[in-house]
Amino acid sequence: SDLTTHPHVQGESLCEGDGGQPIKHALADGRIHDFFTVVHQILQTYNASSAYITLDDWEGLECSACGGTVDQDETVSCSRCGDRSCSECSCTCNGCDDSFCESCTTTCEGCDTSFCNSCMNPCRSCDKPFCQDCLTENQCDDCLDEEREADATEDEAMSLDAAVLAVCLGKVSLHA
């Protein structure tokens, strides 16, 4: 952040840490030199657990997907695994509108749209991932079409079988 000019300074606020009490006492007693000595010591000492930003993240945060370094304000936390991704690598699920990293989303085979794994369902026939809008009775359109064609072929074969009637032993009659 542009407001963080030092790991322990954000805007005009100093992260005092353990120096908070000595600073208060020095100011209350009018010991200005002691106040500046304590502040100087805080600025010379690095404590990752009380810093506004750690030195590891000083240049920015690493995107878990592309490896690029971006400002913390430009990252999105995955709702499922917590990984931080840059805004270009994060995805918004079209089912629940939460933000996810690329590894926690799947592209629907029917509409080619990204969804989180919770908003996806497998087709009961081909087991490919689909969003709820692209499934009919838990089947994708391709599998439904194949099933209908198979049913139509079976119905046609049954009607042909019914058209062949036995007249007497060894002789048949065809009715169309």
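Peer 1: Explain the overall build of the protein to me, using residue names and the numbers behind them.
Peer 2: Looking only at helices and strands, the protein features 3 helices and 15 strands. With 176 residues in all, the protein has 25% of them scored as buried. In the protein, the share of contacts with a sequence separation of at least 24, taken over all contacts with a separation of at least 6, comes to 20%. Taken as a whole, the protein presents about 12100 Å² of accessible surface, with 47% of it coming from carbon and sulfur.

Peer 1: For the side chain of Thr75, give the residues involved together with the corresponding values.
Peer 2: Along the chain, Thr75 turns up in strand E6 (residues 75-77). A polar side-chain atom of Thr75 sits 2.7 Å from a polar atom in the side chain of Arg84. Not counting residues within four places of it along the chain, the set of residues in contact with Thr75 comprises Leu61, Val70, Arg84, Ser85 and Cys86.

Peer 1: Provide a residue-level description of the packing of aromatic side chains, including the pertinent values.
Peer 2: Summed over the entire model, instances satisfying the criterion amount to 1 aromatic pair. With a centroid separation of 5.0 Å and an interplanar angle of 70 degrees, the aromatic rings of Phe35 and Phe36 are classed as edge-to-face. For Phe35, a relative accessible area of 18% puts it in the buried group.

Peer 1: Could you give an account of helix H1 (residues 20-28), naming the residues involved and the relevant values?
Peer 2: By the burial criterion, the buried members of H1 are Gly20, Ile23 and Ala26. Burial along H1 is one-sided: seen end-on, the buried residues are contained in an arc of 135 degrees. Away from its buried face by more than 90 degrees, H1 exposes Lys24 and Ala28. Packed against the buried residues of H1 are strand E3 (13-14) and helix H2 (32-44).

Peer 1: An account of the pattern of salt bridges is needed here, citing residue identities and associated values.
Peer 2: For the structure on display, the rule yields 3 salt bridges. Put simply, Asp29 and Arg31 hold a salt bridge, and the shortest N to O gap is 3.3 Å. Among the salt bridges present, the one from Arg148 reaches Asp145, with a minimum N-O distance of 3.7 Å. Taken as a pair, Arg148 and Asp145 lie in helix H3 (residues 141-163) at a separation of 3 residues, close to a single helical turn. Residue Asp145 is classed as partly exposed on the basis of its relative accessible area of 38%. Among the ionic contacts, a cluster of salt bridges with common partners joins Asp29, Arg31 and Asp34.

Peer 1: Now, about the environment of Thr37: what can you tell me, with residues and values included?
Peer 2: Of note, Thr37 is situated in helix H2. As for Thr37 and Ala26, which are separated by 11 residues in sequence, their C-alpha atoms are 9.9 Å apart. In terms of polar contacts, Thr37 uses its side chain to reach the backbone carbonyl oxygen of His33, at 2.7 Å.

How each quantity is defined
Residues numbered from 1 in each chain as written. Predicted model: local features only at pLDDT ≥ 70, side-chain atom pairs only at ≥ 80, totals over all residues. Heavy atoms only, no water. Helix = DSSP H or I, 4+ residues; strand = E, 2+ residues; numbered from the N terminus. Buried < 20%, exposed > 50% of the residue type's maximum accessible area, 1.4 Å probe, protein only. Contact = heavy atoms within 4.5 Å. Areas by Shrake-Rupley, 256 points an atom, 1.4 Å probe, with all protein chains shown as cover. Polar contact = N/O pair within 3.5 Å; in protein donor to acceptor, adjacent residues only side chain to side chain. Phe/Tyr/Trp six-rings, centres within 6.5 Å; stacked < 30°, edge-to-face > 60°. Arc of directions from axis to C-beta. Salt bridge = Lys/Arg side-chain N within 4 Å of Asp/Glu carboxyl O.

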